[in-house]
Amino acid sequence: MAKFVKVSFQKDGMNKELSKFFKGLLANGAVDAVLTPMAQARKGVRLSLVTSPDHTAQVDPFAPVAAVSGAKIASSLTARPSGRKIAMVLRPCEIRAVVELSKLNQVNLEDTLLIGMDCFGRYENTDFAKFQEQGGTSESFLENAQAGKTATADCDITGACKICEFPAADNVDMKLCAIGAENGAVYIEAVTEKGEQALEKSGAKGGGAPAGRDEAVKKLVAARTEARDKKFAEFRETINSFEVLADKLAPCVNCYNCRVACPVCYCKECVFVTDTFRHNGEQFMMWADQGGMLKLPNDTLFFHLTRMTHMSLYCVGCGQCTSACPNGVDPMPMFRACADKTQARFNYQAGRSLSDELPLAGFKADELVEVTGQVK
Amino acid sequence: MSEFEPQIVAFFCNWCTFTAADLAGTSRLSYPPNLKIVRVMCTGMVDPKFVIKAFLNGADGVLIGGCWPGDCHYINGNLKARRRVANLTEVLKQYGIGEDRFWLRWIAASEGTMLKEVAINMTEKLKQLGPSPLRNMGQMAI
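This structure is a prediction, so every number in the text was calculated from the model and none was measured. (Residues numbered from 1 in each chain as written. Chains lettered and ligands numbered in written order. Predicted model: local features only at pLDDT ≥ 70, side-chain atom pairs only at ≥ 80, totals over all residues. Heavy atoms only, no water.)

Caption draft 1: Inspection of the overall build of chain A at higher detail. Per the secondary structure count, chain A includes 14 helices and 7 strands. Relative to a compact globule of 376 residues, whose C-alpha radius of gyration would be 21 Å, chain A shows 22 Å and is just as compact. Taken over the C-alpha atoms alone, chain A extends approximately 70 × 55 × 40 Å along its principal axes. For chain A, the residues scored as buried account for 51% of the 376 residues in total. For chain A, restricting intrachain contacts to residue pairs at least 6 apart in sequence, the fraction spanning at least 24 positions comes to 75%. Accessible area of chain A: about 17300 Å², with a carbon and sulfur share of 50%. Distance from the positive charge centre (44 side chains) to the negative charge centre (45 side chains) of chain A: 3 Å. (Helix = DSSP H or I, 4+ residues; strand = E, 2+ residues; numbered from the N terminus. Rg over C-alpha atoms; globule rule 2.2 N^0.38 Å. Buried < 20%, exposed > 50% of the residue type's maximum accessible area, 1.4 Å probe, protein only. Contact = heavy atoms within 4.5 Å. Areas by Shrake-Rupley, 256 points an atom, 1.4 Å probe, with all protein chains shown as cover. Lys, Arg positive; Asp, Glu negative; His and termini not counted. Charge placed at Lys NZ, Arg CZ, Asp CG, Glu CD.)

Caption draft 2: Representation of the packing of aromatic side chains. Residues and elements named next belong to chain A. Evaluated as defined, the whole model comprises 17 aromatic pairs over all chains. Ring centres of phenylalanine 131 and phenylalanine 141 lie 6.3 Å apart, and the angle between their planes is 90 degrees; on these two criteria the pair is classed as edge-to-face. Of this pair, phenylalanine 131 sits in helix H4 (residues 125–133) while phenylalanine 141 sits in helix H5 (residues 138–146), and the two are 10 residues apart along the sequence. Classification of phenylalanine 131 by relative accessible area gives buried; the value is 6%. (Phe/Tyr/Trp six-rings, centres within 6.5 Å; stacked < 30°, edge-to-face > 60°.)

Caption draft 3: Broad picture of the sheet that holds strand E4 (residues 86–90) of chain A. All names here are of chain A. Taken in spatial order, the 7 strands of this open sheet run E1-E7-E6-E5-E4-E2-E3, and their pairing is mixed. On the outer flanks of this sheet lie strand E1 (3–8) and strand E3 (45–50), each paired with one strand and no other. Taken over all neighbouring pairs, the strand axes of this sheet differ in orientation by 25 degrees on average, direction set aside. The sheet contact formed by strand E2 (residues 33–39) and E4 spans 3 bridges and is parallel. (Pairing = 2+ DSSP bridges. Axes fitted to C-alpha atoms, helices over the stretch in contact; angles between N-to-C directions.)

In structure tokens:
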């Protein structure tokens with residue numbers, strides 16, 4: 001039975017009230033550290049690792065920005081564990097990437113308390129700076145987003161967020177609930193036993209479940225799913241050949257930022273930066289000879305197609321690839337549309353469950369018979 | 001104008017399909033010369049990158065030939081290959097390289113005649129389909 005604590009606040013007091021909860025978690029020893037989005041001393045909001053209860057004042061868990069994927073940070077913090085208990089406040093897409101990374105042994109969930117926040121979307125890093133300059137706060141964002149308004153005068157949430165059908169996190173110990181909450185309140189929900197114990201220890205009290213949440217989440221998921229399917233259809237209709245794909249990727253300069261930003265691109269060393277792809281002059285000349293000329297840097301299409309086969313099975317649709325692209329390629333719909341196909345083939349959904357086997361980690365003798373169409 | 005001759009890059013497992021090709025040769029079976037055979041130790045070592053690169057370089061078809069399930073020299077390399085092929089097929093299909101150009105077939109060491117049939121069938125199929133859409137792109141694809 002899920003257990004809720006209501007966090008009521010006066011205008012501009014949400015983060016102050018929420019900070020008491022995190023302070024309680026640390027002060028009462030529920031965890032040794034908290035990883036949460038936090039307003040930085042001068043500018044911006046970043047995930048921060050807090051180990052002292054005296055430093056929780058600046059928490060800002062609902063800030064509509066994710067400058068880097070928190071899943072990568074979670075991996076840095078836990079892949080080689082510290083042995084200390086850590087609560088991690090992450091967005092649903094980050095939680096889903098954490099689930100995948102945990103199955104790839106790149107996140108260790110043993111000493112972690114996962115706290116998933118309700119997410120209406122995030123702004124691009126630079127848009128968020130503008131949003132703050134114009135006086136926007138997490139509170140004002142939530143209030144407007146509840147009413148379906150995420151756009152400001154000159155920016156809106158990212159394209160990935162607009163088609164994200166996972167605004168609420170699963171596979172977590174606790175949730176920070178904002179969707180469907182009345183103005184002036186958010187809720188902390190304990191989902192697992194571990195979460196309940198931590199909630200109790202934190203000292204946060206005050207009952208009342210968010211009455212409209214389930215309905216509001218359902219509505220948001222339905223709207224986002226519709227937008228997603230529309231985007232997929234539009235993408236598949238236009239980008240349906242290698243020629244058009246090459247056109248789409250024409251601005252790509254092989255910087256590989258999309259791969260660096262991707263939380264589920266799991267290879268420790270990408271083959272595209274190894275000696276396999278460090279060719280000598282003779283090789284380049286040979287390729288140029290084949291067709292009389294060679295575009296450089298080469299292997300652009302090769303790189304993106306290889307990434308599709310590598311990460312699309314684990315793609316959570318966070319859109320960090322698009323955010324990281326310095327040349328406006330917008331690879332997100334390309335990877336999401338591909339992920340939709342590859343994951344469906346294996347009846348897999350990235351981030352759905354910790355117990356679903358990774359599609360390429362297993363095999364059976366009597367499956368996928370249609371691939372060869374041969375029966376002995 | 002001469003008839004279109006498809007280029008097929010064929011990755012054959014050392015233990016079965018390559019041996020079947022050998023058998024086809026010693027049995028004096030003739031099959032189309034469109035196959036360019038690359039001997040690999042197991043279908044399980046056929047990296048999806050090999051296949052992508054073959055297509056990007058203008059191959060009209062890619063054929064992977066391996067041992068029947070249960071017969072793999074390395075116990076299960078062929079089963080891993082099958083999952084990878086299913087995955088890669090989904091990727092390539094979106095842009096116009098479908099199952100008709102990218103084949104995985106089980107051909108045991110004793111099945112020289114089957115190798116011949118597969119080679120004939122695939123060449124025929126590709127002749128019907130015409131050149132790979134990536135061929136027109138030339139250096140753009142690389």
